Number of protein chains: 2
Amino acid sequence: MLIVKKFGGTSVANKERIFHVAKRCIKEYRKGNDVVVVLSAMGKYTDELIAMAEDINERPSKREMDMLFTIGEQMSVALMGMAMHKLGVPAVSLNAFQVAMHTTSVYGNARLKRIDTTRIRRELESRKIVIVTGFQGINKYNDYTTLGRGGSDTTAVALAAALHADACEIYTDVDGIYTADPRIVPNARKLKEITYDEMLDLATLGAGVLHNRSVEMAKKYGVPLVVRSSLNDAEGTVVKEEVTVERMLISGVALDKHAVRISVLGVKDKPGIAFKVFDCLAKKNINVDVILQSIGRAGSKDISFTVDENDMEEAIEVLNQNQTRLTFKEIQAESNIAKLSIVGAGMMSNPGVAAKMFESLYNENINISMISTSEIRVTVIINQKDGERAMNAVHDAFGLAD
Amino acid sequence: MLIVKKFGGTSVANKERIFHVAKRCIKEYRKGNDVVVVLSAMGKYTDELIAMAEDINERPSKREMDMLFTIGEQMSVALMGMAMHKLGVPAVSLNAFQVAMHTTSVYGNARLKRIDTTRIRRELESRKIVIVTGFQGINKYNDYTTLGRGGSDTTAVALAAALHADACEIYTDVDGIYTADPRIVPNARKLKEITYDEMLDLATLGAGVLHNRSVEMAKKYGVPLVVRSSLNDAEGTVVKEEVTVERMLISGVALDKHAVRISVLGVKDKPGIAFKVFDCLAKKNINVDVILQSIGRAGSKDISFTVDENDMEEAIEVLNQNQTRLTFKEIQAESNIAKLSIVGAGMMSNPGVAAKMFESLYNENINISMISTSEIRVTVIINQKDGERAMNAVHDAFGLAD
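Residues numbered from 1 in each chain as written. Chains lettered and ligands numbered in written order. Predicted model: local features only at pLDDT ≥ 70, side-chain atom pairs only at ≥ 80, totals over all residues. Heavy atoms only, no water.

A.B. asks: Looking at this model, I keep getting lost on the environment of Ile18 of chain A. Mind explaining?
C.D. replies: Examined against the element boundaries, Ile18 of chain A turns out to sit in helix H1 (residues 15-30). Put simply, Ile18 of chain A and Asp34 of chain A are 16 residues apart on the chain and 19 Å apart in space, counted from C-alpha to C-alpha. Each residue touching Ile18 of chain A, except ones within four places of it in the same chain, is listed here: Ser11, Val12, Met42, Leu79, Met80 and Ala83 of chain A together with Ile56 of chain B. (Helix = DSSP H or I, 4+ residues; strand = E, 2+ residues; numbered from the N terminus. Contact = heavy atoms within 4.5 Å.)

A.B. asks: Could you clarify how one ought to interpret the sheet that holds strand E17 (residues 330-334) of chain A in this entry?
C.D. replies: Strand pairs in the sheet, formed through backbone hydrogen bonds, run parallel or antiparallel to each other. Residue and element names in this part refer to chain A. One open sheet accounts for four strands, arranged E15-E16-E14-E17; its pairing is antiparallel. The open sheet has two edge strands with one neighbour each: strand E15 (288-293) and E17. Going across the sheet, the axis of each strand differs from the next one's by a mean of 20°, ignoring polarity. Against the sheet, helix H9 (residues 273-283) contacts strand E14 (259-268), E15 and strand E16 (300-308), and its axis sits at roughly 25° relative to E16. With respect to the sheet, helix H10 (residues 312-321) is in contact with E14, E16 and E17, its orientation differing from that of E14 by roughly 10°. (Pairing = 2+ DSSP bridges. Axes fitted to C-alpha atoms, helices over the stretch in contact; angles between N-to-C directions.)

A.B. asks: I keep staring at the environment of Val209 of chain B and nothing clicks. Help me out?
C.D. replies: Residues and elements named next belong to chain B. Here Val209 lies in the loop between helix H7 (196-204) and helix H8 (212-221). The exposure class assigned to Val209 is partly exposed, which follows from its relative accessible area of 22%. Between the C-alpha atom of Val209 and that of Val38, which follows or precedes it by 171 residues, the distance is 17 Å. In contact with Val209, other than residues within four places in its own chain, are Asp153, Thr172, Val174, Ile177 and Val227. (Buried < 20%, exposed > 50% of the residue type's maximum accessible area, 1.4 Å probe, protein only.)

A.B. asks: Explanation requested: the packing of helix H9 (residues 273-283) of chain B against helix H10 (residues 312-321) of chain B in the structure shown.
C.D. replies: Any two packed helices are characterised by the angle at which their axes cross and by the distance between the axes. All names here are of chain B. Contact pair H9 / H10: the axes reach a minimum separation of 10 Å and the direction vectors enclose 130°. Accordingly, the angle class assigned to the pair H9 and H10 is oblique. For the pair H9 and H10, the sense of crossing is right-handed. Residues Val277, Cys280 and Leu281 of H9 touch H10, and the partners they reach there are Ala315, Val318 and Leu319. (Parallel < 35°, antiparallel > 145°, perpendicular 65-115°, else oblique. Left-handed = near helix turned anticlockwise from the far one by under 90°.)

A.B. asks: I keep staring at the sheet that holds strand E9 (residues 167-172) of chain A and nothing clicks. Help me out?
C.D. replies: Residue and element names in this part refer to chain A. Spatially, E3-E6-E2-E1-E9-E11-E12-E10 is the arrangement adopted by the eight strands of the open sheet, whose pairing is mixed. The sheet is open, and its two borders are formed by strand E3 (91-94) and strand E10 (193-195), each paired with just one other strand. Looking at each pair of strands side by side, their axes are set apart by 20° on average, direction ignored. Of the strands in this sheet, strand E2 (34-39), E3 and strand E6 (129-133) are in contact with helix H3 (residues 62-86), which crosses E6 at around 165°.

A.B. asks: Just checking my understanding: could you explain H10 of chain B for this structure?
C.D. replies: In an α-helix there are 3.6 residues to a turn, and that puts residues three or four apart on one side. Residue and element names in this part refer to chain B. Every buried residue of H10 is accounted for by Ala315, Val318 and Leu319. Angularly, the buried residues of H10 cover 100° about the axis, an arc narrow enough to put them on a single face. Across from the buried face of H10, at angles greater than 90 degrees, the exposed residues are Glu313 and Gln321. Its buried side turned inward, H10 meets strand E14 (259-268), H9, strand E16 (300-308), helix H11 (323-326) and strand E17 (330-334). (Arc of directions from axis to C-beta.)

A.B. asks: Just to check I follow, could you spell out the interface of chain A and chain B for this structure?
C.D. replies: The interface of chain A with chain B comprises 43 residues on the first partner and 43 residues on the second. Carbon and sulfur atoms make up 60% of the surface buried where chain A meets chain B, a total of about 3500 Å² over both sides. Per-residue buried area on chain A facing chain B is highest for Ile56, Glu64 and Met82 of chain A; these three make up 20% of the total on that side. Taken together, the connections running from chain A to chain B amount to six salt bridges. Lys15 of chain A is paired through a salt bridge with Asp55 of chain B; the nearest N and O atoms lie 3.4 Å apart. Inspection of the region where chain A meets chain B yields 23 residue pairs in polar contact (both at pLDDT 80 or more). Counting only elements with at least two residues in the side of chain A that touches chain B, the list comes to H1, helix H2 (45-56), H3, E3 and helix H4 (96-99) of chain A. The element contributing the most residues to the side of chain A that touches chain B is H3 of chain A, with 17 residues. Across the side of chain A that touches chain B, the residue classes break down as 25 nonpolar, 10 polar and eight charged. (Buried area = accessible area lost by both parts, 1.4 Å probe. Salt bridge = Lys/Arg side-chain N within 4 Å of Asp/Glu carboxyl O. Polar contact = N/O pair within 3.5 Å; in protein donor to acceptor, adjacent residues only side chain to side chain. Nonpolar A, V, L, I, M, F, W, Y, C, P; charged D, E, K, R; others polar.)

A.B. asks: How should the relation of the copies chain A and chain B be read in this particular structure?
C.D. replies: The two chain copies are related to each other by a rotation about an axis together with a translation along it. You can overlay chain A on chain B at an RMSD of 0.2 Å; the transform is a turn of 180° with a shift of 0.0 Å along its axis. Such a combination of turn and shift is consistent with a two-fold rotation axis. Rotation axis and chain A: the residue whose C-alpha lies nearest the axis is Ile71 of chain A, separated from it by 2.7 Å. Both copies share a contact surface, since 100% of the interface residues of chain A are interface residues in chain B too. (Least-squares fit on C-alpha atoms with pLDDT ≥ 70 in both.)

This is the structure in structure tokens:
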């Protein structure tokens, strides 16, 4: 078996944890398996690097920032190599240049294009554990790039795909994927299995365990993912194409309190205006989620949508810059909202799911201001103060509790 | 003009010094020159990395150690890039992979073989200051290597040679090369010029300003070196093939208190034994300096020589392992010695130089236990306690004072 294991920053934050991870990998290696380990930078080291950079230059160039960032993972992999040697096991650390981890050119947010597996295969054949820097790549200019948030997960999945690995295990500080965030819904249950699509919706909706780019890649290449704890031996959650356990109606409930609703009021009621609004935002890479368009009245209409709170300022700015072309009278922004979603491949064949969700919220006297649905999810916008209560009500209504 | 400037760890130890170096380079750049900057790791960062490694594994593999070491210079160059950008000047940082700085395979002590100048030239042509990691290279396995002590000087000289630079400036915490260590000889004088050969002897003898490998390379490729202070604008010392200023009889006096004398006693007086003794040591890469062989008496003789104190243990061990073959009766080691040398290309045409040195020591009642001479230097072994006094006496005798 060839297994790719990815450990995040907290899992390698100090000497003790490094040895803990080393032992865990060696256990797998001693069974006769080939083991590739992907590591992030230690603990809060990336934050330290950002602080160093900003002390020198408040707006460091992204290229030089990536040059600085990439030392973080190189430190982790070198120290891990030394730890494995100390435990008597042959191991070798490799950075993005040594693997040849090719990405697109964009500094700070590159995408993996192609991984050369020659060196890794050669090291595995000589029975070494191969330790690879996550998060980093090289672009066509032969410069370092980084993959953006959650990048090490993507590195692990891409390596698993390129090496045709038998498993890709993502070690994190939670036991697996839950039906809801256990900090908000105390009786949330850990899922044995979940589909890529469900996981994608959960990732996008702020469940935060796996970055959606890594899930997309896993789906594209059919890499079976396992999300499990680096602290214990609990089984974790398998993310794959089709779940084989008895399917629940829905798999999880997600709450996102970092969304903001923007309303563009008094837009002329003629074709193409809505397209122009969203085109403006897309050009700035601003992701728009729930959209509501009022019915035209007296020749004008209103368009509302949600964006991430980090994008709010830029969204308003770009809309204002285009006010004449977009024909609106006024912009309103409302940050006091929450996005509550249910996700489940099971709902495709069960038309009553949305109704059941609305009923449970109605019973709690929680008002819904916007609704959006896809094949496998239903999202509602509610008052932020109702968020936790709504999440628990919906979680109970679908019988997700432990 | 194309100028290579090398700054050591203390010159980039913190934010203020980084900006100081940045400004100094920018001043040169603004004159219309092409500027390549070579940097070491910040301050004591390399020591911190060693401590981190040894906390994990007391004997880390040299390969993984180089993987860890190389992040030090990468940090320096990235931060320097940001500092130059902050000051409004285009700059780009490059590591050993990006330049393509090819070395021999030996981890921890590699030698530069070939530098690809394509990328650097392209960046210079687009009028950027190019900031390069010192000390590091890549070997034929596509792994990081490091160049050993003083490695960043060697990087700078090699880059200057490969780029046919007009000047190679080594910035350090002293003003230049002095006729003697000013901490020991208060009236030592700074030299305007010194030849490569003199500098090589001074470097080897422990003057410690430039590493001898970098001087050898400068001599080989005819790179004119300037050693100057990173703290002030003083002129510094030029190291080159022939000095053009009025030549002094000798250029400097060096004192080395880290030598140890080893005596191999009672060796059979037959041909080839001395060769075998030094062959044993050479195979362990132990450098032998002053050698004294007693005249044979009753069929046996004694061989004495000096080695660096760090090599003493290993030298004695290897000699003892070969006792039968080397036919000696006993080994004695004496660490209470000092090596005092005078160096000067001028002494080639002045036969009285050695005598003058011995006379000045005799006048001070300092006993000489061993003598060694080459074309441009005379070295004597004396009692360690006499070291500083002897150095001052010789310095005065040759009129080197300010």
